Each structure stands twice: as structure tokens, then as C-alpha cells.
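Chain and residue survey
One letter stands for each residue in the lines below.
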Amino acid sequence: MYLLPAIDILGGKAVRLAKGDYNQVTVYNDDPVAQARVFEQAGAQWVHVVDLDGARSGVPENIAIVERIVRETSLSVEIGGGIRSLETLKRLADAGAARMVLGTALVNDPELAHAAIAAVGGDRLTAGIDAKGGEVAVSGWIEGSGVAAADLARAMGAAGFKHIVYTDIARDGMQTGIDVQAYVDMANAFGNPVIASGGVASLADIERLAPVAESIEGVITGRAVYEGTLDVAAGVALCAELTASRS
């Protein structure tokens with residue numbers, strides 16, 4: 001298990017949205033690359049980057065920032081938002097991203113999901129499943145899809161994806177704590193551990209995952225690290241401790 005502090009990029013700045021609402025934006029750093037350096041200095045090895053402009057428009061708009069994070073830090077970058085073509089996927093791979101997250105495309109263009117596996121391999125891909133009430137949301141969380149999250153996870157596992165990020169939109173950016181069982185259910189459906197996202201507000205939330213650590217690959221946290229309720233260095237250490245305890 002490892003910690004992935006999040007950098008959500010909107011208008012070239014590091015921000016957080018409340019419940020995915022583009023009208024509820026808080027800017028935390030004018031320079032996302034500087035923010036990545038802060039996480040690196042705290043001991044993080046991964047960073048989860050979301051191109052919010054791309055998630056809404058369908059065309060990544062912040063690849064240059066991803067390139068800078070890769071070039072100017074030692075962080076492994078997992079990037080999502082607006083990846084809806086093989087061309088975009090390959091551009092991000094060329095930019096040095098360690099993993100690319102497919103979200104909306106999993107529902108709207110399932111052929112792309114299969115083509116992506118053939119192009120870059122399942123280990124460099126993450127299925128990004130964001131859900132409200134168990135239903136997958138798409139297009140930057142603006143639209144419901146009518147697809148059950150567990151069904152999509154099962155299909156992506158069968159297709160060859162090796163990683164999955166599951167986000168509980170109702171909890172994302174709200175620091176309300178996590179639904180542990182939801183991650184276990186998704187891991188069971190997917191067939192591999194999940195990266196937990198949404199509502200991680202403190203070390204106590206990470207500790208709550210200890211009994212189900214075998215179902216958890218990583219933990220994404222955003223607003224909590226920006227507002228000081230979760231220390232990145234302590235979170236990195238706790239994740240490593242939980243990993244060691246189960247080995």
C-alpha cells in the first residue's frame with residue numbers, strides 16, 4: 001500500500017473541487033510542479049494528477065505540466081482527465097507518465113480500453129471508476145452513465161487492466177471519512193486490489209483500511225493534505241507500515 005497525494009489541475013493551478021463541482025473550486029497552489037516538489041520532499045513516491053480541464057473538455061490541456069513534474073521530480077505520475085484517444089494515451093506515455101487513467105472512455109468507448117491495453121499494456125493503465133450511489137459518473141462527474149460501478153470493474157479486470165482507482169464522489173473533497181466496504185467490494189469485482197479515493201481526511205482513515213489491506217493497492221488523498229489534517233510524510237510511513245505488517 002502506498003500514498004498518492006493528489007494534484008488536480010484547473011486553469012494551470014493546483015485546486016480541489018468539492019464533490020467534483022466545478023463551481024466549488026479552491027486554489028491551493030498556483031504552480032502544480034512546485035506542489036509536486038513539496039510531496040516529493042515529504043517522501044511520496046507517487047502523485048495522482050487529474051487534468052480537470054481535460055476531464056471536462058475531453059482533450060488534455062495540461063500535458064506540459066505533467067512533463068515538468070516527470071522532468072523536475074523523481075515522482076511516478078499517475079495521470080487522468082480527458083484521455084479519450086490512443087493518440088492522447090501515447091502522448092502521455094511519451095511525456096513520462098507511469099500510468100494513465102481511463103475514465104469516461106471506459107463507458108463511452110470500450111473499444112479504446114481494449115486498444116489501450118494492446119498499445120501500452122495493462123500495467124501502465126488504470127481504470128478510473130468514479131461513482132455516485134454505485135453508478136458510474138462520466139465527463140468530469142457531470143453525467144451519470146447508467147452503468148453499475150461493480151459491473152464496470154469486473155469488465156475492466158477481465159479486459160486486462162491491472163490497476164483501478166475507485167472514487168466515491170459523494171465523499172471526494174469533503175473530508176468525511178471513507179466507506180471501507182465499498183473498496184473491498186470493488187476489489188472483489190475487479191480481481192485486484194484497488195486504489196482508494198474520496199474522503200480520506202486523516203491518518204485514522206488510512207488506519208481503518210488496515211483490516212482490509214490486502215484489498216488496497218494505494219490511497220489517494222487531496223484536500224486533507226492541503227488543509228493540514230493529513231501529513232504526507234506520516235501517511236507515507238503508515239502505508240509502508242501496513243504493507244510490511246501483511247507480508
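Considerations on helix H6 (residues 110-120)
Note that an α-helix has 3.6 residues per turn; residues three or four places apart therefore point the same way. Listing the buried residues of H6 in full gives Leu112, Ala113, Ala116 and Ile117. Projection of H6 onto a plane perpendicular to its axis shows the buried side chains occupying an angular sector of 145 degrees, all on one side. Those residues of H6 that are exposed and angled more than 90 degrees off the buried face are Glu111 and Ala118. Looking at the buried residues of H6, the elements they touch are helix H4 (86-94), strand E6 (99-102), helix H5 (104-108), strand E7 (125-132) and helix H7 (149-159). Phi turns positive one or two residues past the end of H6, at Gly121, with a value near 95 degrees.

Thoughts on the nonpolar core
Counting residues in hydrophobic clusters, the biggest one holds 69 residues, and the most contacted among them are Met1, Ile7, Ile129, Phe161, Ile206 and Leu209. A per-element tally of this core places helix H8 (residues 180-190) first, with eight residues. Here Ile129 is in contact with Val136, Ala149, Leu152, Ala153, Ile164, Val165, Tyr166, Thr167 and Met186, once residues within four sequence places are set aside. Counting seven residues, the second largest nonpolar core, distinct from the first, contains Leu10, Val15, Tyr22 and Val50.

Considering helix H1 (residues 32-41)
Here H1 has its buried residues at Pro32, Val33, Gln35, Ala36 and Phe39. The arc that holds every buried residue of H1, seen down its axis, measures 155 degrees, which confines them to one face. Just downstream of H1 lies Gly43, where phi reads positive at about 105 degrees.

Things to note about the pairing of E6
What you see with E6 is no split at all: Arg99 and Val101 on one side and Met100 and Leu102 on the other are buried throughout. Here three bridges tie strand E5 (residues 76-80) to E6, and the two strands are oriented parallel to one another. Bridging across to E6, Glu78 finds its partner in Arg99. In terms of handedness, the path from E5 via H4 over to E6 forms a crossover that is right-handed. Bridge count for E6 against E7 is three bridges, and the pairing is parallel. Residue pairing across strands places Met100 opposite Leu125, the latter belonging to E7.

Things to note about the confidence of the model for the protein
Per-residue confidence for the protein gives a mean pLDDT of 90, with 93% of residues at or over 70. The secondary-structure element of the protein with the lowest mean pLDDT is strand E9 (residues 143-148), recorded at 67, while H1 shows the highest, at 98.

Here we look at the pattern of salt bridges
Taken as a whole and judged by the stated rule, the model has eleven salt bridges. With a closest N to O distance of 3.9 Å, Arg71 and Glu72 form a salt bridge. Between Glu227 and Arg223 there is a salt bridge, with its nearest N and O atoms 3.4 Å apart. You can see Glu227 and its partner Arg223 sitting in helix H10 (residues 223-227), four residues apart, about one turn around the helix. The class for Glu227 is partly exposed, based on a relative accessible area of 43%. Linked by salt bridges that have partners in common, Asp31, Arg37, Arg68, Arg71 and Glu72 make up one network.

Structural notes on the packing of H1 against helix H3 (residues 63-72)
The N-to-C vectors of H1 and H3 enclose an angle of 35 degrees; their axes lie 9 Å apart at closest approach. Every pair of crossing elements has a handedness; the one defined by H1 and H3 is right-handed. Contacts from Pro32, Val33, Ala36 and Arg37 of H1 reach H3 at Ile65, Arg68, Ile69 and Glu72. Of the residues that constitute the contact of H1 with H3, the class distribution is five nonpolar, no polar and three charged.

Side note on the packing of H7 against H8
Between H7 and H8, whose axes approach to 7 Å, the crossing angle comes to 40 degrees. Judged by the sense of rotation from one axis to the other, the crossing of H7 with H8 is right-handed. Taken together, the residues of H8 that come into contact with H7 (itself represented by Ala149, Ala150, Ala153, Arg154, Met156 and Gly157) are Met186, Ala189 and Phe190.

Here's the deal with the environment of Val184
Within the element layout of this structure, Val184 appears in helix H8. Along the backbone, Val184 and Gly235 are 51 residues apart, and their C-alpha atoms lie at a distance of 20 Å. Excluding anything up to four places from it in sequence, Val184 contacts Val212 and Ser215.

The rules behind the values
All chains use their own residue numbering, which begins from 1 and follows the written sequence. The predicted nature of this model means local features are confined to residues of pLDDT at least 70 and side-chain atom pairs, given and counted, to a pLDDT of 80 or more, with totals for whole chains, interfaces and linings taken over all residues. Side-chain measures here rest on the full set of heavy atoms in the structure, leaving out hydrogens and waters. Burial classes follow relative accessibility: with a 1.4 Å probe on protein chains only, a residue under 20% of its type's maximum area counts as buried, one over 50% as exposed, and anything between as partly exposed. Helix and strand labels come from DSSP, where a helix needs a run of H or I of at least four residues and a strand needs a run of E of at least two; each type is numbered from the N terminus. Working note: the arc is built from the helix axis to C-beta atom directions. Any two residues having at least one pair of non-hydrogen atoms within 4.5 Å are treated as being in contact. Side-chain atoms within 4.5 Å link the members of a nonpolar core, which is a set of buried Ala, Val, Leu, Ile, Met, Phe, Trp, Tyr and Cys residues. Note on pairing: DSSP must find at least two bridges between two strands before they are called paired. Whether a crossover is right-handed comes down to one check: with the strands pointing away from the viewer, does the path from the first strand over the helix to the second run clockwise; if it does, it is right-handed. Scored from 0 to 100, pLDDT records how confident the predictor is in each individual residue. We define a salt bridge as a contact between a side-chain nitrogen of Lys or Arg and a carboxyl oxygen of Asp or Glu at a distance within 4 Å. Axes here mean lines fitted to C-alpha atoms, for a helix over just the part in contact, with angles spanning 0 to 180 degrees between N-to-C directions. In this scheme the handedness of a crossing depends on how the near helix is turned from the far one: anticlockwise by less than a right angle means left-handed, clockwise means right-handed. Nonpolar residues are Ala, Val, Leu, Ile, Met, Phe, Trp, Tyr, Cys and Pro. Charged residues are Asp, Glu, Lys and Arg, and all others, Gly as well, are polar.

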